Amino acid sequence: VDGYLDGEVDAELAAAAAMGLTALRVFMHNMAYDASPTRFLAGVERFLTMAHGHNLGVGFVFFDDCWNHAGASTTVQCQERAGLHNACSMASPQDAERTNTSRFEAYVTDVIKAHAKDPRVLWWGMFNEPHKTAGGFSLQLRHAAYGWAKAINPVQPITSCWDKMSEAGNNDSDLQNVHHYNADFKSLTAATWQGLSFEPKKQGSIITEAG
């Protein structure tokens, strides 16, 4: 926010470009938006400008169920813990905020409206790895967010991971948004790449996490 980390961010973007990356998946947090929508939107624009300067496209993620579901703060810096990766990754929204889905509509719509025709944005990710409890808040929010985004009619695809549409009823995604942690990407041949195809093929697929 307000540019105080721009130098560090730009250095990381330069490193990503030097490694040959052409796209970045960037997680946002609703608490940062809630603290100051105007400053948040300005920060998104500033980040896109820096990324574009390194020829990097960006896919944004609004919500996430991974890691800490409590303890996020916009005023107190989280302290990393030795030997534990992602110790400061915070679920969005936090559990205490999960009262109703409508409270997050402005967050989604304000960001997308500002960049609905922006070629620097490659896709909009509604929800990363939602807890898939039937009728649970995560799936309710994923569905609501997809509807808010579609109503804006952005040029970018709207995605939600990670289940296959044909198997788990994920109709909240324009593409199959898949995570793959069991493929040797260094040795994939054309034939084995075909083995990573996902049904239904007409939607197309994007692999947003792999290892």
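The structure this text deals with has already been given above.
Below is a summary of the structure that appears in this document. (Residues numbered from 1 in each chain as written. Predicted model: local features only at pLDDT ≥ 70, side-chain atom pairs only at ≥ 80, totals over all residues. Heavy atoms only, no water.)

## As for the packing of helix α1 (residues 6-18) against helix α3 (residues 37-53)
Next up, step 1: Closest axis-to-axis distance for the α1/α3 pair is 9 Å, and the angle between their directions is 35 degrees. Of the two possible hands of crossing, α1 and α3 adopt the one that is right-handed. For the pair α1 and α3, the contacting residues are D6, V9, D10 and L13 in the first and R46, F47, M50 and A51 in the second. (Axes fitted to C-alpha atoms, helices over the stretch in contact; angles between N-to-C directions. Helix = DSSP H or I, 4+ residues; strand = E, 2+ residues; numbered from the N terminus. Left-handed = near helix turned anticlockwise from the far one by under 90°. Contact = heavy atoms within 4.5 Å.)

## Digging into unusual backbone geometry
Next up, step 1: A cis amide bond links S92 to the next residue, P93, at an omega of 0 degrees.
Next up, step 2: Residue placement: P93 occurs in the loop between β2 (57-64) and α4 (105-115).
Next up, step 3: Phi is positive for W67, close to 70 degrees, though the residue is something other than glycine.
Next up, step 4: Its location among the elements puts W67 in the loop between β2 and α4.
Next up, step 5: According to the relative accessible area criterion, W67 is partly exposed, its value standing at 41%. (Buried < 20%, exposed > 50% of the residue type's maximum accessible area, 1.4 Å probe, protein only.)

## Let's talk about the side chain of Q156
Next up, step 1: As for its placement among the helices and strands, Q156 is situated in the loop between α5 (137-152) and β4 (158-159).
Next up, step 2: For Q156, the side chain forms a polar contact with the main-chain oxygen of H115, separated by 2.9 Å.
Next up, step 3: In contact with Q156, not counting residues within four places along its chain, are H115, A116, K117, D118, V121, L122, W123 and W124. (Polar contact = N/O pair within 3.5 Å; in protein donor to acceptor, adjacent residues only side chain to side chain.)

## So, the environment of L122
Next up, step 1: As for its position among the elements, L122 is in strand β3 (residues 121-128).
Next up, step 2: Sequence separation of L122 and F60 is 62 residues, and the distance between their C-alpha atoms is 8.2 Å.
Next up, step 3: Among residues more than four places away in sequence, those in contact with L122 are A23, G57, V58, Q156 and P157.

## Observations regarding the pattern of salt bridges
Next up, step 1: In the structure shown here, the tally under the stated rule is eight salt bridges.
Next up, step 2: Note that E209 and R25 form a salt bridge whose closest N and O atoms lie 3.0 Å from each other. Here the residue E209 occupies a position in strand β6 (residues 205-210), and R25 occupies one in strand β1 (residues 23-27), the gap between them amounting to 184 residues.
Next up, step 3: Since its relative accessible area comes to 17%, E209 is described here as buried.
Next up, step 4: Taking the shortest distance from any N to any O, the salt bridge between D65 and R98 comes out at 2.6 Å. A residue pair is termed long-range when its members are at least 10 positions apart, and D65 in the loop between β2 and α4 and R98 in the loop between β2 and α4 qualify at 33 residues. (Salt bridge = Lys/Arg side-chain N within 4 Å of Asp/Glu carboxyl O.)

## Things to note about the state of the cysteines
Next up, step 1: Per the counting criterion, the structure on display carries one disulfide.
Next up, step 2: C78 shares a disulfide with C88; S-S distance 2.1 Å. Every disulfide takes its handedness from the sign of the S-S torsion; for C78 and C88 that torsion is -85 degrees, giving left-handed. Of this pair, C78 sits in the loop between β2 and α4 while C88 sits in the loop between β2 and α4, and the two are 10 residues apart along the sequence.
Next up, step 3: There is no disulfide at C66, and the cysteine sulfur nearest it, in C161, is 7.9 Å away.
Next up, step 4: By relative accessible area, C66 is classed as buried at 17%.
Next up, step 5: The class of C161 is buried, set by a relative accessible area of 0%. (Disulfide = S-S within 2.5 Å.)

## Some remarks on the pairing of β3
Walk down a regular strand and you will see the side chains alternate between the two sheet faces.
Next up, step 1: Counting buried residues along β3, seven of its eight residues qualify, which places the element largely inside the surrounding structure.
Next up, step 2: Where β2 lies against β3, six bridges are found, and the strand directions are parallel. When the sheet's bridge partners are listed, F60 is paired in β3 with W124.
Next up, step 3: With respect to chirality, the unit in which β2 leads through α4 into the neighbouring parallel β3 is right-handed.
Next up, step 4: Here β3 pairs with β4 via two bridges, running parallel. Residue W124 lies in a different strand from β4, and its bridge partner there is I158. (Pairing = 2+ DSSP bridges. Right-handed = clockwise from strand over helix to strand, strands pointing away.)

## Some words on the packing of aromatic side chains
Next up, step 1: Per the stated rule, a full pass over the model turns up 11 aromatic pairs.
Next up, step 2: Both rings, one in F62 and one in Y107, keep their centres 5.2 Å apart while their planes meet at 80 degrees; by these two values the pair is edge-to-face. Here F62 is found in strand β2, whereas its partner Y107 is found in helix α4, with 45 residues between them in sequence.
Next up, step 3: For the pair F63 and F104, a centre-to-centre distance of 5.8 Å together with 75 degrees between the ring planes defines the contact as edge-to-face. Of this pair, F63 sits in strand β2 while F104 is found in the loop between β2 and α4, placing the two residues 41 residues apart along the sequence. (Phe/Tyr/Trp six-rings, centres within 6.5 Å; stacked < 30°, edge-to-face > 60°.)

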